[in-house]
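Here's the letter readout for the chains.
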Amino acid sequence: MFDLDNIAAEEAVENDLEEVVMGLIINSGQARSLAYAALKQAKQGDFAAAKRMMDQSRTALNEAHLVQTKLIESDQGEGKMKVSLVLVHAQDHLMTSMLARELVAELIELHEKMQ
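Residues numbered from 1 in each chain as written. Predicted model: local features only at pLDDT ≥ 70, side-chain atom pairs only at ≥ 80, totals over all residues. Heavy atoms only, no water.

As recorded in an unreviewed UniProt entry, the chain goes by PTS N N'-diacetylchitobiose transporter subunit IIA and comes from Lelliottia aquatilis.

Asker: How would you summarise the UniProt feature "modified residue: Phosphohistidine" (unreviewed entry) in the chain if you had to cite specific residues and measurements?
Answerer: Taken from the UniProt record, the annotation "modified residue: Phosphohistidine" (unreviewed entry) applies to H89. Inspection of the secondary structure puts H89 in helix α3 (residues 85-114). (UniProt positions renumbered as here; feature names shortened; annotations may be inferred. Helix = DSSP H or I, 4+ residues; strand = E, 2+ residues; numbered from the N terminus.)

Asker: Describe the side chain of H93, listing the residues and the values that go with them.
Answerer: The topology assignment puts H93 in helix α3. We classify H93 as buried; its relative accessible area is 18%. (Buried < 20%, exposed > 50% of the residue type's maximum accessible area, 1.4 Å probe, protein only.)

Asker: Let's hear about the packing of helix α2 (residues 47-75) against α3: which residues, and what values?
Answerer: Geometrically, a packed helix pair is captured by the angle between its two axes and the distance between the axes. Taken N-terminus to C-terminus, the directions of α2 and α3 make an angle of 155 degrees; their axes are 11 Å apart at the nearest point. When the axes of α2 and α3 are compared, the pair comes out roughly antiparallel. Helix-helix and strand crossings are classified by hand; for α2 and α3 the assignment is left-handed. Across the interface between the two elements, F47, A50, M54, S57, R58, L61, A64, H65, Q68 and L71 of α2 pack against L87, Q91, L94, S97, M98, R101, V104, A105, I108, H111 and E112 of α3. Taken together, the residues that form the contact of α2 with α3 break down as 12 nonpolar, six polar and three charged. (Axes fitted to C-alpha atoms, helices over the stretch in contact; angles between N-to-C directions. Parallel < 35°, antiparallel > 145°, perpendicular 65-115°, else oblique. Left-handed = near helix turned anticlockwise from the far one by under 90°. Contact = heavy atoms within 4.5 Å. Nonpolar A, V, L, I, M, F, W, Y, C, P; charged D, E, K, R; others polar.)

Below, the structure written as structure tokens:
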């Protein structure tokens, strides 16, 4: 298992790094999926369910963001971390999930005001 508290880029086995990156992708995707599911609930007028799903979305996004922060800290802006296409892909997933969640929150608020 990859120890997020003691990331040492030069010692990280490539498979372990890929495992961490996949965790970033999975948590980000979960956050985005939950946000869109929350929007669906809001469209149906179930704002309590929408809020619960947005809370779950926030939790998944926090998990992904924690991994990202640890990776950034381990690199210290010195280029220690091997940048791969899958790492770039994971970063893209995280950023689009953050944006989607923010936009969905606004849409849910609009649906609630319209009702």
